[in-house]
Amino acid sequence: MSIESLKDRLPDYAKDLKLNLGSLANDITLTPQQLAGTFVASALAARNEDVTRAIVAEYKSVLSPEALEAAKAAAAIMGMNNIYYRFVHMVEGDYAKMPARLRMNVIGRPGVEKLDFELWSLAVSAINGCGMCVESHERVVREGGLSAEQVQTAVRIAATVHGVAVTLDGTKALGEPGAN
């Protein structure tokens, strides 16, 4: 399975997603590792088995084994952190002053360049809707030298991958053509 196979499965009403997926897959704003890792972390965060398989198959050869593990780790740790910090952000009280007491060692030692891991964490946080995490990771990658255009590209990848996952889940639920 590949990105082309995902595009082929999208219905006509999702033509914009097809076009966006194709253009983002060929984007040159990010390094190949940043692009591939953003796609992989976003696919995992989007929680659609077919999307995850297709995107990992597409980008597995672009990423070193360590980078692939780091992209998966970004999705995993943000799956936890986005829930916790979204709660802290939404609820008034002393929670923001309290230590989280959650293990997050991978953030300090992700196995790849810290900037790339932070970018992947930003993309996942955008999908998961944690404003506090989005702000934090965006600040780190901008301070690390990434441009607004590069950040936007990562979030556009996250948005498009999520849209593809939502659409394929919908076609499956409705028994529409392309649903497998």
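Peer 1: I keep staring at the layout of surface pockets and nothing clicks. Help me out?
Peer 2: The gaps left among the atoms become clear once a water-sized probe is rolled over them. In this structure, the largest pocket occupies an estimated 160 Å³ of space. What lines the largest pocket is simply Met78, Asn81, Tyr85, Met104, Ile107, Glu118, Met132, Cys133, Ser136, His137 and Val140. Per element, the largest residue contribution to the lining of the largest pocket is five residues, and it comes from helix α8 (residues 131-143). In terms of residue class, the lining of the largest pocket is built from seven nonpolar, three polar and one charged.

Peer 1: Can you walk me through the side chain of serine 42 in this structure?
Peer 2: Looking at the element boundaries, serine 42 is found in helix α3 (residues 32-46). When neighbours within four sequence positions are excluded, serine 42 is seen to be in contact with Ala123, Ile127, Ile157, Ala158 and Val161.

Peer 1: How should I be thinking about the packing of aromatic side chains in this particular structure?
Peer 2: A ring pair, where both rings are aromatic, is described by two values, the distance of the centres and the angle of the planes. As enumerated under the stated definition, the model contains three aromatic pairs in all. When the ring of phenylalanine 39 is compared with that of tyrosine 59, the centres are 5.0 Å apart and the planes differ by 20°; the resulting orientation is stacked. Linking phenylalanine 39 in helix α3 with tyrosine 59 in helix α4 (residues 49-59), this pair joins segments that are 20 residues apart in sequence. Considered together, phenylalanine 39 and tyrosine 59 belong to a single accessibility category, that of buried residues. Between tyrosine 84 and tyrosine 85, the ring centres sit 5.0 Å apart and the planes meet at 85°, which makes this aromatic pair edge-to-face.

Peer 1: Sorry if this is basic, but what is going on with the nonpolar core here?
Peer 2: Soluble, globular proteins show a tendency: their nonpolar side chains are buried together. Core analysis: the largest hydrophobic core is formed by 51 residues, its most contacted members being Phe39, Val51, Ile55, Tyr59 and Trp120. Within the residue set of this core, elements represented by two or more residues are α1 (3-9), α2 (15-25), α3, α4, α5 (65-90), α7 (114-128) and α9 (148-174). Here this core gets nine residues from one element, more than from any other, and that element is α5. Not counting the four nearest positions on each side in its chain, tryptophan 120 is found in contact with Gln33, Gln34, Gly37, Thr38, Ala41, Ala67, Ala70, Ala71, Ala74 and Val112.

Peer 1: Can you help me understand the pattern of salt bridges in this one?
Peer 2: Note that side chains of opposite charge can pair when their charged atoms are close. All told, the structure shown has five salt bridges when counted by the stated rule. Of the charged contacts, one joins glutamate 4 and lysine 7 as a salt bridge, the two residues approaching to 3.1 Å between their closest N and O atoms. Of the two residues, glutamate 4 and lysine 7 both sit in helix α1, three residues apart, roughly one turn of that helix. The salt bridge partner of aspartate 50 is arginine 9, with a shortest N-O separation of 3.1 Å. Placement of aspartate 50 in helix α4 and of arginine 9 in helix α1 is noted, with a sequence separation of 41 residues between them. Both residues of the pair, aspartate 50 and arginine 9, count as buried.

Rules used throughout
- Residues numbered from 1 in each chain as written.
- Predicted model: local features only at pLDDT ≥ 70, side-chain atom pairs only at ≥ 80, totals over all residues.
- Heavy atoms only, no water.
- 1 Å grid on protein atoms, 1.4 Å probe; cavity = no way out; pocket = protein on both sides within 12 Å on 5 of 7 lines; lining within 4 Å.
- Points joined across faces, edges and corners; volume = space filled by probe spheres on them.
- Helix = DSSP H or I, 4+ residues; strand = E, 2+ residues; numbered from the N terminus.
- Nonpolar A, V, L, I, M, F, W, Y, C, P; charged D, E, K, R; others polar.
- Contact = heavy atoms within 4.5 Å.
- Phe/Tyr/Trp six-rings, centres within 6.5 Å; stacked < 30°, edge-to-face > 60°.
- Buried < 20%, exposed > 50% of the residue type's maximum accessible area, 1.4 Å probe, protein only.
- Core = buried A, V, L, I, M, F, W, Y, C linked by side-chain atoms within 4.5 Å.
- Salt bridge = Lys/Arg side-chain N within 4 Å of Asp/Glu carboxyl O.

This is a description of form; function is not addressed.
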